[in-house]
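Summary of the model geometry
If you want the building blocks of each chain, they are given just below.
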Amino acid sequence: MGILDAVLQSSSYVSLLGALGVLLLICLITSSSFSSQEDKREPPGPKPLPLLGNLLQMDLKGFYYTLVKLSKKYGSVFTVYFGPKKVVVLTGYKTVKEALVNNAEVFGDRDKIKIMHEFNKGHGVVWSNGDSWKELRRFALTNLKDFGMGRKVCEDKIIEECHYLMEVLKEFKGRAFDTTQILNYAVSNIICSMVYGSRFEYDDPQFTSLVDRTARNLELFGSSYLQVYNLFPWIGKWFPATKECHKLFAANRKHNLELFSHLKETLNPQMCRGLVDAFLVQKQNHEESGITNSYYHDENLLMTVIQLFAAGTGTTSTTLRWGLLFMAKYPKIQVQVQEELSRVVGSRQVQVEDRKNLPFTDAVIHETQRLASIAPIALPHRTSQDVTFQGYFIKKGTTVYPHLMSVLYDETEWEKPHSFYPAHFLDKDGKFVKRDAFMPFSAGRRICLGESLARMELFIFLTTLLQRFRFTPPPGVSEDELDLTPVAGVDLSPSPHKLCAVSLM
Ligand code: HEM
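Calculation criteria
Residues numbered from 1 in each chain as written. Predicted model: local features only at pLDDT ≥ 70, side-chain atom pairs only at ≥ 80, totals over all residues. UniProt positions renumbered as here; feature names shortened; annotations may be inferred. Contact = placed C-beta atoms within 7 Å. Near = placed C-beta within 6 Å. Helix = DSSP H or I, 4+ residues; strand = E, 2+ residues; numbered from the N terminus. Nonpolar A, V, L, I, M, F, W, Y, C, P; charged D, E, K, R; others polar. Pairing = 2+ DSSP bridges. Expected span 1.5 Å × (residues − 1). Buried ≥ 20, exposed ≤ 12 C-beta atoms within 10 Å, placed from the backbone. Core = buried A, V, L, I, M, F, W, Y, C linked by C-beta atoms within 7 Å. Arc of directions from axis to C-beta. Axes fitted to C-alpha atoms, helices over the stretch in contact; angles between N-to-C directions. Left-handed = near helix turned anticlockwise from the far one by under 90°. Parallel < 35°, antiparallel > 145°, perpendicular 65-115°, else oblique. pLDDT = per-residue confidence, 0-100.

**Some points on the UniProt feature "binding site: heme" (unreviewed entry) in the protein**
The residues that UniProt annotates with the feature "binding site: heme" (unreviewed entry) are C448. Setting aside anything within four residues of it in sequence, one finds C448 in contact with F441 and S442.

**Quick notes on the site of the ligand**
G312, T315, S442, C448 and G450 are the nearest of the 26 residues found near the ligand. Secondary structure elements with two or more residues in the shell around the ligand: α5 (130-146), α13 (298-329) and α17 (451-468). Of all the elements, α13 adds the most residues to the shell around the ligand, at seven residues. When grouped by side-chain class, the residues that make up the shell around the ligand number 16 nonpolar, seven polar and three charged.

**Here's the deal with the pairing of strand β2 (residues 85-90)**
Sheet topology note: the strand β1 (residues 77-82)/β2 ladder contains six bridges and is antiparallel. Residue pairing for β2: T79 is matched across the bridge by V88. Remark: two residues form the turn of the hairpin made by β1 and β2, two consecutive strands paired antiparallel; G83 in that turn has positive phi of roughly 60°. By the bridge criterion, four bridges tie β2 to strand β8 (residues 399-402) in an arrangement that is parallel. Following the sheet pairing, L90 is matched in β8 by P402.

**Here we look at α17**
With 18 residues, α17 should reach 26 Å at 1.5 Å per residue; the first-to-last C-alpha distance of 26 Å fits that figure. When you tally the buried positions in α17, you get 14 out of 18 residues, the bulk of the element.

**Digging into the pairing of strand β12 (residues 498-503)**
Summarising the sheet, strand β4 (residues 177-178) and β12 pair through two bridges and their orientation is antiparallel. By the bridge assignment, D178 is partnered in β12 with K498.

**Description of unusual backbone geometry**
Notably, S373 is not glycine yet its phi reads approximately 40°, a positive angle. As for its position among the elements, S373 is in the loop between α15 (359-372) and β5 (381-382). A tally of 22 C-beta atoms within 10 Å means that S373 is categorised as buried. The backbone of A378 shows a phi angle near 55°, a positive value even though the residue is not glycine.

**Some points on the nonpolar core**
Of all hydrophobic cores here, the largest spans 121 residues; its most connected members are V195 and L275. Among the elements that line this core, the one with the most residues is α13, at 14 residues. The residues contacting L275, other than those within four sequence positions of it, are A140, N143, L144, F147, M194 and V195.

**Thoughts on α5**
Under the 1.5 Å per step criterion, the end-to-end length of α5 is 24 Å for 17 residues, consistent within 8% with the ideal 24 Å. Turning to α5, its buried residues number three or more, namely W133, L136, A140, N143 and L144. The arc that holds the buried residues of α5, viewed along the axis, is 115°, so those residues lie on one side. Exposed residues on α5 whose side chains face more than 90 degrees from its buried face are D131 and R138. Looking at the buried residues of α5, the elements they touch are α7 (180-195), α12 (275-288), α13 and α17. Positive backbone phi, approximately 120°, marks G148, located one or two places after α5.

**Let's talk about the packing of α13 against α17**
As a packed pair, α13 and α17 sit with axes 10 Å apart at the nearest point and diverge in direction by 35°. For the pair α13 and α17, the sense of crossing is right-handed. Facing T315, T316, T319, L320, G323 and M327 of α13, the residues of α17 in contact are A454, E457, L458, F461, L462 and L466. Residues of the contact of α13 with α17, tallied by class, amount to seven nonpolar, four polar and one charged.

**So, the sheet that holds strand β9 (residues 469-472)**
The strand order across the open sheet formed by three strands is β4-β12-β9, and the pairing between neighbours is antiparallel. Each having just a single partner strand, β4 and β9 make up the two edges of the open sheet.

**As for the sheet that holds β1**
As summarised here, the arrangement of the five strands in space is β1-β2-β8-β5-β3, forming an open sheet in which the pairing is mixed. Edge positions in the sheet fall to β1 and β3 (109-110), since each has one partner strand and no second. With two bridges joining them, β5 and β8 adopt antiparallel strand pairing. Each residue of the ladder has a partner; that of R382, found in β8, is T399.

**Remarks on the packing of α13 against α15**
Two elements in contact, α13 and α15, have axes whose closest approach is 9 Å; the angle formed by their N-to-C orientations is 110°. Taken together, α13 and α15 sit at an angle that is classed as roughly perpendicular. Counted together, T319, W322, G323 and F326 of α13 and I365, T368, Q369 and A372 of α15 form the full contact between these two elements.

**Regarding the environment of G174**
Mapped onto the fold, G174 is located in the loop between α6 (152-171) and β4. Classification of G174 by C-beta neighbours within 10 Å gives partly exposed; the count is 15. Separated by 329 residues in sequence, G174 and S503 have C-alpha atoms that sit 7.1 Å apart. Excluding its chain neighbours within four sequence positions, the residues that come into contact with G174 are C500, A501, V502 and S503.

**Structural notes on the confidence of the model for the protein**
The predicted coordinates ought not to be read in detail in places where the model reports low pLDDT. Averaged over all residues, the pLDDT of the protein is 90; the fraction at 70 or higher stands at 92%. Contacts of residues 1-38 to residues separated by more than four positions or lying in other chains number one contact, the stretch itself having pLDDT below 50.

Now the structure itself:
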C-alpha cells in the first residue's frame, strides 16, 4: 500500500466519520424538534377552513350544542375556530373544575369581545383584567354586601318588590300575559335600590326605558348579526343591528350620567344610599389625598353600574321565567311545591330562613337553574400565561370557553341530564343535597359576583309567587304544547310564551 492509498483510506475514514456526525446531528435536531412538538401538542379539533374556521359546522340553534358534539369526538379539551378566532373549549365537570378552580390564575382572565370593548374600553368589572378588575370586583362585592346582598336588608327589599309584582299579576285576573317585561322590572328594581339607592315605579318612563333598552341590547348582543360583527367588523358594521346597539348604549350612558349628577348634588358622605354614593365618596377621598392613578374615575363608575345592571337583571329574570314555565309545564311538581309551602310556611310571608325546611322547593329551584342552563358558556375567559393542561399546550392569551352547559348536563354526574328531575337534589329521605356539578354561576376567580343576591331573589320571588298563584298555560294550550326550546342569545331564555297566574287566595 503506497502513500496515496493510505491518504485515500484515511480521507474516506474522515468523510465516513463526517457523514456519521452529520447524520447524528440531523437525528438530534429532528428528534428534539419532534419532542418539542410533542411537548407543545395543542388541543385537537376539527380542521378549520381559511377565514371561516369551523363556522359552517356550527348548529344554527346554538353553537354550544355543536361544541357538546365535538367534545364527544375530540375529548374534553379541544380547539375550534370561530372565523379567524381560535378558541379552546373545556367541557364536563372534571375538566371545567380543574381549569377554573385548580388553575384559577391561569384561566381567570376575561377575553375581549369587540362590540363590548368598544363600549367599555376595559373599564368596569365584567370585561376588565389585572389590578383594575381586582379593585373594582372587591369594591362592588363589599358595597353590594353593605347595601344588603346576602342579608336581611336585601331580603326585605325583595319581599317588598314581590308585593308590587303581585299587584300587577292580580290585575291580569287570570288572563294570559307575557312574563318577560314585568319580571325584568321587578328584578331590576333590586339592583336599582342597591346601586342608586332607590327603587322605581313600574310606570316611570325613565326607569322602564332604561330596563327595556338594556334588555334589547342583550337581545342584540346575542343575535347572529352582532356575532358576525365581532368576528368580521368590516361586514358587520353595516348591519342595522350594530347601529341600534351603539344608539342604545349611548342612550344608557346619557341616562346614567343624569342619574349620577342628581346623586352627586344630594350626596351625603356620612349616609351613602347605594353603591354609586360609595364610589363618589371614595373618588373624592382619593382626589383629596392627591392619588392620581386611582381606579375610582368616572368611566369605571359608569361601566360598573351599567354592567351590574345588565348582569343582574336579565340573568335572574330569565331564570324566574324558566321557573314559572316549568311549573306550568309540570303541574304535579307545582302542586308538590305548593303543598310543601302551605305545610311549612302556611300563609305568612316566606323568608330565607325557611329554605332549610323546604327541601323539595329548594330542589325545584336548583333543578330550574340546572336545566335552564342560561349561561351555556359562561362569559369568555382567556389564559393569562402559557400552560400545559391535561397534556395539551395552550398559549398565553388564548380564548377559553368554559362550557357550563356540559357541566350541568354532564352524563357522568346527573341521572337524567335532559329532564326536569328535582330528585337530582334530594336524597332517599327527601332531604336537600348539594351537588358539586351544579355550576350555573361558574367557578373560580370569575365566579358570578351576584350569586348570593341571585339565589335570594330566586328563592323569595318564586316561593312568594307560588304561595299566591297557580301558573297554567293559556286557555286552549295544553301543558304538552308549552315549548321548552330555548332562544339562543347572550343567555338562553324561553321561547316567547304567555302564562296565566290564577290567584289561590
Ligand atoms: C340567576 C342569576 C345569575 C346567573 C345564572 C349568573 C351567572 C353568571 C355567570 C355564568 C357569569 C360568568 C362567570 C365566568 O366568567 O366564569 C357571571 C358573571 C358575573 N355576574 Fe352573574 N349571574 C346571575 C346573577 C347576577 C346578579 C344578580 C348580579 C349582580 C349583582 C351578577 C353580576 C355578575 C358580574 C358582575 C359578573 C362578572 C364577574 C367578573 O368578571 O369578575 N350576576 N354571572
